Every structure is written in structure tokens, then in C-alpha cells.
Amino acid sequence: MADRDCLFCKILEGDVPADIVYESDTAIAFRDINPQAPTHVVIIPRKHIATINDIDSVDHEIVGSLYTAANTIARDEGFSDEGYRAVMNCNKAAGQTVFHIHLHLLGGRVLSWPPG
Ligand code: AMP
Ligand code: ZN
């Protein structure tokens, strides 16, 4: 179910424009508006799930599909072997600002660890 107040649901509905790079039955991905790496893509499920805390066992296939989206996009962008990061923030202390779960896919540069 789309959430009327959710930015990423609006992107899914086509009400807010985005540079979409990947689409499947369960997920879409688009370029982050404020990229933190040469490639920074946001991968979201079509289903509105607010945070990691709200993921249910019925969502396993959907959440898994975010990772197959990530490895497909990484291959297309050419950094599968070199390496990349796929990370999901949960709630305020981790910096989550959009409450529709999303995997950040970052690649194209060396990424330090631990993150800030
Ligand atoms: P997070 O802070 O983990 O919730 O990540 C939200 C991400 O969405 C941030 O990296 C933002 O730059 C990105 N973002 C916000 N609005 C848009 C938008 N309209 N199109 C693309 N990315 C966006
Ligand atoms: Zn949403």
C-alpha cells in the first residue's frame, strides 16, 4: 500500500521525478539526488515498509530482491569485482531520513570503514 506522505511512494507512483536505473516486479532503483560516490543508487521495494524494524517474514523475498537489484546494478556500472557497499540505515541515530526502506548502493571509489 502506498503511503500518501512518503517521498519514495511518490517516486514509485511517478508523482515525483527520479532517474530510474532499474525496475523489477518487487523493486525499483534510482540515482540519489545527493550522491556520496561516483555511483550512488537508492534501491527501494515497491511495497511501503517504513524501517528495518517493520520488515516481516512475509517480506523476505522482497527484501532479498533489493540485493539482487544491487548486484545487477553493480555489474551494469562495472564495479562488481572491484567492490561496492550496500547499506540500509534504520531510524534517526543511523541517519534515516526517508521512512520507506532503501538500500544505498555506493560504488566507483574506495570506501572507508567504519562509516561515520
Ligand atoms: P537515508 O538518509 O538513509 O534515509 O537516505 C535517503 C536518501 O534519499 C538520501 O541519500 C537522499 O539524498 C536521497 N533522496 C532524497 N530525496 C531524493 C529524491 N527526490 N531523489 C533521489 N534521492 C533522494
Ligand atoms: Zn513509501
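My aim in this report is to walk through the structure given alongside it, one point at a time. (Residues numbered from 1 in each chain as written. Chains lettered and ligands numbered in written order. Predicted model: local features only at pLDDT ≥ 70, side-chain atom pairs only at ≥ 80, totals over all residues. Heavy atoms only, no water.)

1. Remarks on the site of ligand 1
1) Next: Taken together, 14 residues sit near ligand 1, with Asp32, Asn89, Gly95, Thr97 and His104 positioned nearest.
2) Next: Between ligand 1 and Ile33, the relevant distance is 3.2 Å, taken from a nitrogen atom to a main-chain nitrogen or oxygen of the residue.
3) Next: A distance of 2.8 Å is found between an oxygen atom of ligand 1 and a backbone nitrogen or oxygen belonging to Gly95.
4) Next: Protein burial of ligand 1: of its 510 Å² of free accessible surface, 83% is covered by the chains.
5) Next: The site holding ligand 1 turns out to be the largest pocket.
6) Next: Residue assignment for the shell around ligand 1 shows that the elements contributing at least two residues are helix H1 (7–13) and strand E2 (27–31).
7) Next: In terms of residue class, the shell around ligand 1 is built from 5 nonpolar, 7 polar and 2 charged. (Near = heavy atom within 4 Å. Polar contact = N/O pair within 3.5 Å; in protein donor to acceptor, adjacent residues only side chain to side chain. Areas by Shrake-Rupley, 256 points an atom, 1.4 Å probe, with all protein chains shown as cover. 1 Å grid on protein atoms, 1.4 Å probe; cavity = no way out; pocket = protein on both sides within 12 Å on 5 of 7 lines; lining within 4 Å. Sits in = over half its atoms within 2 Å of the grid points. Helix = DSSP H or I, 4+ residues; strand = E, 2+ residues; numbered from the N terminus. Nonpolar A, V, L, I, M, F, W, Y, C, P; charged D, E, K, R; others polar.)

2. What about the coordination of the zinc ion (ligand 2)?
1) Next: Taken together, the protein ligands of the zinc ion (ligand 2) are Cys6 (SG), Cys9 (SG), His48 (ND1) and His100 (ND1), with distances of 2.1 to 2.3 Å.
2) Next: Its 4 donor atoms give the zinc ion (ligand 2) angles of 106 to 116° at the centre, a pattern that matches the tetrahedral case.
3) Next: Each donor residue of the zinc ion (ligand 2) belongs to the same chain, with the gaps between them written as C-x2-C-x38-H-x51-H. Placement of His48 in the loop between strand E3 (39–45) and helix H2 (60–77) and of His100 in the loop between strand E4 (84–87) and strand E5 (103–107) is noted, with a sequence separation of 52 residues between them. (Donors = N, O, S within 2.8 Å, 3.2 Å for Na, K, Ca; no water. Tetrahedral: all angles 85-135°; square planar, octahedral: opposite > 155°, others 65-115°.)

3. So, the sheet that holds E5
1) Next: Ordered by their spatial adjacency, 5 strands build an open sheet running E1-E2-E3-E5-E4, and the pairing between neighbours is antiparallel. Strand pairing shows two members of the sheet lacking a second neighbour, strand E1 (20–23) and E4, which therefore form its edges. Direction aside, neighbouring strands of the sheet carry axes that sit 20° apart on average.
2) Next: Direction of pairing for E2 relative to E3: antiparallel, over a ladder of 5 bridges. Of the residues in E3, the one forming a bridge with Ile28 is Ile44. (Pairing = 2+ DSSP bridges. Axes fitted to C-alpha atoms, helices over the stretch in contact; angles between N-to-C directions.)

4. Remarks on the packing of aromatic side chains
1) Next: With the rule as written, the count across this model stands at 2 aromatic pairs.
2) Next: When the ring of Phe8 is compared with that of Phe30, the centres are 5.3 Å apart and the planes differ by 75°; the resulting orientation is edge-to-face. Here Phe8 is found in helix H1, whereas its partner Phe30 is found in strand E2, with 22 residues between them in sequence. The residues Phe8 and Phe30 share a single accessibility class, namely buried.
3) Next: Between Phe79 and Tyr84, the ring centres sit 5.8 Å apart and the planes meet at 50°, which makes this aromatic pair tilted. (Phe/Tyr/Trp six-rings, centres within 6.5 Å; stacked < 30°, edge-to-face > 60°. Buried < 20%, exposed > 50% of the residue type's maximum accessible area, 1.4 Å probe, protein only.)

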